[in-house]
Amino acid sequence: MDKEPKKICLIVDCLSNGGAEKIAARLSRALSEKGFTVSIISLRNEISYEYGGRLYNLGENESKIKHVKQFKKLLNLRKSYKKINADIYVDFRMRNRFLMELILHLFIFKTHKMIMRINNYNIHYHIPKHQLFYKLYNKTKAVVSLTDEITERLNGLYKFKNLVKISNFYTNTILDLSNEQDNKLIYQDYVLAIGRLSNRVKQFDKLILTYKDTELFKKGIALLILGDGPDREILQRLIKRNGIEDNVKLLGFKNNPYKYIKHSRFLLLSSIEEGFPNVVLESLAIGTPVISFNCKSGPSELIIDKMNGLLVEDQNFNALRENIDLFYKDLELYNYCKQHAHKSVEKFNEDFIVNLWIELFKNSSF
């Protein structure tokens, strides 16, 4: 690239709820503060995260007719893409529809300007299952992996010459927000789980039943769950059927989950798979230890067992229950993990990770 790239466009499904969307919003703010001209193209009208730069919201005023909506969105995407005329486009979207992605690459995207981010261990959420996309992605400026495990999987299936690893990051803003006063939280004893209410991935239904068998439940220490999603009613029925309405609370999506993290004893993650779980990183950065399955991928790069949390055999719910009880009973271990939580993730701070993005933008070797 002859000149230093200054115009950056981030392409997202939306700017709400999801971890990839949160990182896109954070990156847009950080790049704007560093003098880049930043644009964001959002395909859906779901905007709750604070962002930097100019937003092109393609989800506004959508047609009720599915095919008309899709056709107009493609036209608007093409129009916005050309109008922005960025030096580099970073694609955070889900990209698992073969025909749609083919159309985008043939008629809208300039492949050499694209950076394709792989947000999940299930890489085919972001790369359609066809060798054509291996060839297309190899011609992009970069394919960005979040973790060593995702990198290893990509290398096992493809041989991308432009593969780089850039993890998620936390900001000092979340530390400030975590100190927001809330007397209801300060005087309540609870543990916390956060995520989209999708039992297929987050397994909150199994987590609730596991919690019911722990010492926490017996001692009246609540389980609070933050987030919205398609399985909310299923979870509400499960809680009611087990008579644990006073112990398990579904609190919905919160603009400031960090004060909940701050005052929680510890955070729980029971996912079947992840990419790079922001909630684990944020919890540790705030100083709250984590108990998590060692699922693919991310927890093992954040949690050092019995140093800043507990890393549990993947999908072993009996072991999860035992580790929850261990953290409750062994206060010396718990306090040791709490003491070391923040320092353990300092390498994922905003300045360091954002500079990796900037170096990637400047790198002309791809």
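Please refer to the structure placed before this passage.
Conventions adopted
Residues numbered from 1 in each chain as written. Predicted model: local features only at pLDDT ≥ 70, side-chain atom pairs only at ≥ 80, totals over all residues. Heavy atoms only, no water. Helix = DSSP H or I, 4+ residues; strand = E, 2+ residues; numbered from the N terminus. Rg over C-alpha atoms; globule rule 2.2 N^0.38 Å. Buried < 20%, exposed > 50% of the residue type's maximum accessible area, 1.4 Å probe, protein only. Pairing = 2+ DSSP bridges. Axes fitted to C-alpha atoms, helices over the stretch in contact; angles between N-to-C directions. Contact = heavy atoms within 4.5 Å. Core = buried A, V, L, I, M, F, W, Y, C linked by side-chain atoms within 4.5 Å. Arc of directions from axis to C-beta. Polar contact = N/O pair within 3.5 Å; in protein donor to acceptor, adjacent residues only side chain to side chain. Phe/Tyr/Trp six-rings, centres within 6.5 Å; stacked < 30°, edge-to-face > 60°. Lys NZ or Arg CZ within 6 Å of the ring centre and 35° of its normal. Salt bridge = Lys/Arg side-chain N within 4 Å of Asp/Glu carboxyl O.

Student: Can you tell me about the overall build of the protein chain, naming the residues and giving the values?
Tutor: A count of helices and strands for the protein chain gives 16 helices and 13 strands. In terms of C-alpha radius of gyration, the protein chain reaches 21 Å, essentially the compact-globule figure of 21 Å for 366 residues. Here the C-alpha coordinates of the protein chain stretch approximately 60 × 45 × 40 Å along the principal axes. Within the protein chain, the proportion of its 366 residues that are buried is 56%.

Student: Just give me the short version of unusual backbone geometry, but keep the residues and values in it.
Tutor: Residue serine 297 follows lysine 296 across a cis peptide bond; omega there is -5°. In this structure, serine 297 sits in the loop between β12 (290–293) and α13 (299–302). One non-glycine residue, asparagine 17, lies in the positive phi region at around 70°. For asparagine 17, the position within the fold is in the loop between β1 (7–12) and α1 (19–33). Its identity is not glycine, yet glutamine 203 carries a phi of approximately 60°, on the positive side. Take glutamine 203: it is sitting in the loop between β8 (190–194) and α8 (204–212). Given a relative accessible area of 4%, glutamine 203 falls into the buried group.

Student: Describe the sheet that holds strand β7 (residues 163–165), listing the residues and the values that go with them.
Tutor: One open sheet accounts for seven strands, arranged β3-β2-β1-β4-β5-β6-β7; its pairing is parallel. Among the strands making up the open sheet, the edge pair consists of β3 (54–57) and β7. Geometrically, the sheet is characterised by an average inter-axis angle of 20° between neighbouring strands, direction not taken into account. Relative to strand β4 (residues 88–91), β1 runs parallel, the two being bridged by four bridges. When the bridges of β4 are listed, isoleucine 11 appears paired with aspartate 91. Packed onto the sheet, helix α5 (residues 148–157) meets β5 (114–118), β6 (142–145) and β7 and runs at close to 170° relative to β7.

Student: Provide a residue-level description of the nonpolar core, including the pertinent values.
Tutor: By size, the foremost hydrophobic cluster in this structure holds 91 residues, and its most contacted members are Leu154, Leu192, Ile208, Ile225, Phe266, Ile291 and Leu302. The leading source of residues in this core is helix α12 (residues 278–286), at six residues. Counting 29 residues, the second-largest nonpolar core is a separate cluster that includes Val12, Leu15, Ile115 and Val354.

Student: Go over helix α10 (residues 232–241), please, and point to the residues and values.
Tutor: Within the sequence span of α10, burial applies to Leu235, Leu238 and Ile239. Looking straight down α10, one finds that the buried residues subtend no more than 100° of arc, so they occupy a single side. Among the exposed residues of α10, those oriented more than 90 degrees off its buried face are Glu233, Lys240 and Arg241. Where α10 is buried, its residues meet α8 and β10 (248–252). At the exit of α10 stands glycine 243, carrying a positive phi of roughly 65°.

Student: Explain the side chain of asparagine 308 to me, and be specific about the residues and the numbers.
Tutor: Its place among the elements puts asparagine 308 in the loop between α13 and β13 (309–312). Classification of asparagine 308 by relative accessible area gives buried; the value is 0%. Polar contacts involving the side chain of asparagine 308 include one to the main-chain carbonyl oxygen of leucine 302, which spans 2.9 Å. Polar contacts involving the side chain of asparagine 308 include one to the side chain of serine 344, which spans 2.8 Å. Leaving out residues up to four positions away in the same chain, asparagine 308 has contacts with Leu284, Pro289, Val290, Leu302, Ile303, Cys337, His340, Ala341 and Ser344.

Student: I'd like a description of α5, backed by residues and values.
Tutor: For α5, every residue scored as buried is listed here: Glu149, Ile150, Thr151 and Leu154. Those residues of α5 that are buried are in contact with β5, β6, β7 and α13.

Student: Residues and numbers for the packing of aromatic side chains, please.
Tutor: Counted under the stated rule, the structure contains 16 aromatic pairs. Here the aromatic rings of phenylalanine 327 and tyrosine 334 are separated by 5.3 Å at their centres, their planes lie at 90°, and the arrangement is edge-to-face. Accessibility expressed as a relative area gives 1% for phenylalanine 327, which makes it buried. When its relative accessible area of 12% is taken as the criterion, tyrosine 334 is described as buried. One Lys or Arg, lysine 6, reaches over the ring of phenylalanine 36 and ends 4.4 Å from the middle of that ring. It is arginine 153 that lies over the ring of tyrosine 121; its NZ or CZ is 5.0 Å from the centre.

Student: Pulling in residues and values, what's your account of the pattern of salt bridges?
Tutor: Pairing of side chains with opposite charge becomes possible as their charged atoms draw close. Counted by the stated rule, this structure contains 16 salt bridges. For aspartate 91, the salt bridge is made with arginine 95, and the minimal N-O distance between the two is 3.6 Å. An identical accessibility class is assigned to aspartate 91 and arginine 95; each is buried. Among the ionic pairs, lysine 259 bridges to glutamate 180, the shortest N-O distance being 3.0 Å. Of this pair, lysine 259 sits in helix α11 (residues 258–262) while glutamate 180 sits in the loop between α6 (172–178) and α7 (183–186); the two residues are 79 residues apart in sequence, bridging distant segments of the chain. Ionic contacts of the salt-bridge type, sharing partners, join the residues Asp91, Arg93, Arg95 and Glu101 into one network.

Keep in mind that these numbers describe shape and distance, not what the molecule does.
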